[in-house]
Structures are given as structure tokens and as C-alpha cells.
Amino acid sequence: MALMKLLPQGALVGESVSVGISDQVLFVLRVLEVAPYTWHVSIEQCTPRLPSFMRMKVKVRLYHDVRMAEVCASQQILTLRSSYHYPNAKMHHRNEKEQVNLFLAEWLKCCLQHGFSTVKQL
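(A) Examining the pairing of strand E2 (residues 26–34) more closely. By the bridge criterion, 5 bridges tie strand E1 (residues 16–20) to E2 in an arrangement that is antiparallel. By the bridge assignment for E2, Val19 is matched with Phe27. Once E1 ends, the chain turns through 5 residues before running back antiparallel as E2. Strand direction decides the pairing type here: E2 and strand E3 (residues 38–45), joined by 7 bridges, are antiparallel. Bridging from a neighbouring strand, Phe27 pairs with Gln45 of E3. Connecting E2 to the antiparallel partner E3 that follows it, the hairpin turn spans 3 residues.

Here it is in C-alpha cells:
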């Protein structure tokens, strides 16, 4: 539920907030879909000097009833499987989904400790 602390309560589809970690690092969180028990949210890094392929870009599904979030898509992976056979054609790790969910947890921890200036945008 750490992600809910960064998003506006009762957000509507299309609403977004900006979260800065420093003067150089900015993230935009955008609500993509709202349902009674779930939300889909995109998180995108908007650091101007960083090449686009290096910027964080994930889609997250929030489950309000169980207070949980999972990464559904990350970078160029449009759909994450729970596990992959290894080796595979795209060289995904066996536990790719687990790794990106752990990354999300660390990123949220960083935002809540060091983030500033969450600005609601329409």
C-alpha cells in the first residue's frame, strides 16, 4: 500500500502525480484504469538527460482488498510471466517477475523516504 501513499485518494483515470527524488530525477505516476477493487497505474521516469531506454517504465496493478501491488509490465516486457524456463529466447531470468516486484518495493521505499513535491496533474 506504499504506492497508495503517493497517489491521490479517489483518483480518476488519467490523473497523475509527479514525484521528485532529487533535482535531476523525476517520476510521473498515472492512473490508467480504476475498478472497485483494483487500479492500474503506470510509473515512468522523466529524467531529461537520461536516454529513454534507461528510464524506468513499469505498469502496476494495485489490489485494494488485499493491500498488494504487482508489476504487470516492465521496460520492454509487456507481460511478465510468474517464471521463465532458462535459457530462453529473450534471456529473461527465471524469476524476472519476482525481481521487478522487489525493485518496485525498493523504489517505493526510496520515494517515501526521499521523495518530494508530489503534484497532482490532470
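(B) Local environment of the nonpolar core. If you look at the biggest cluster of nonpolar residues, it comprises 22 residues, and the most contacted ones within it are Leu3, Leu6, Leu7, Leu29, Ile43, Val60 and Trp107. Within the residue set of this core, elements represented by two or more residues are helix H1 (2–6), E1, E2, E3, strand E4 (57–63) and helix H2 (96–114). Top contributing element to this core by residue count: H2, with 5 residues. Contacts of Trp107, omitting those with residues within four sequence positions, involve Leu3, Leu6, Phe27, Leu29, Ile43 and Met56.

(C) Region of interest: the environment of Ala105. Turning to its location among the elements, Ala105 is positioned in helix H2. The spacing of Ala105 and Ala2 is 103 residues in sequence and 8.4 Å in space, taken between C-alpha atoms.

(D) Geometry of the pattern of salt bridges. Enumeration over the complete set of coordinates arrives at 2 salt bridges. Where Glu70 meets Arg61, a salt bridge forms, and the shortest distance between an N and an O atom there is 3.2 Å. You can call Glu70 buried: its relative accessible area is 16%. You can call Arg61 partly exposed: its relative accessible area is 25%. One salt bridge connects Glu70 with Lys97, and the closest N-O pair in it is separated by 2.9 Å. Taken as a pair, Glu70 in strand E5 (residues 68–74) and Lys97 in helix H2 lie far apart in primary sequence, 27 residues in all. Residue classification places Lys97 among the buried residues on the basis of a relative accessible area of 17%. Linked through salt bridges whose partners overlap, the residues forming this network are Arg61, Glu70 and Lys97.

Criteria and cut-off values
- Residues numbered from 1 in each chain as written.
- Predicted model: local features only at pLDDT ≥ 70, side-chain atom pairs only at ≥ 80, totals over all residues.
- Heavy atoms only, no water.
- Pairing = 2+ DSSP bridges.
- Helix = DSSP H or I, 4+ residues; strand = E, 2+ residues; numbered from the N terminus.
- Core = buried A, V, L, I, M, F, W, Y, C linked by side-chain atoms within 4.5 Å.
- Buried < 20%, exposed > 50% of the residue type's maximum accessible area, 1.4 Å probe, protein only.
- Contact = heavy atoms within 4.5 Å.
- Salt bridge = Lys/Arg side-chain N within 4 Å of Asp/Glu carboxyl O.

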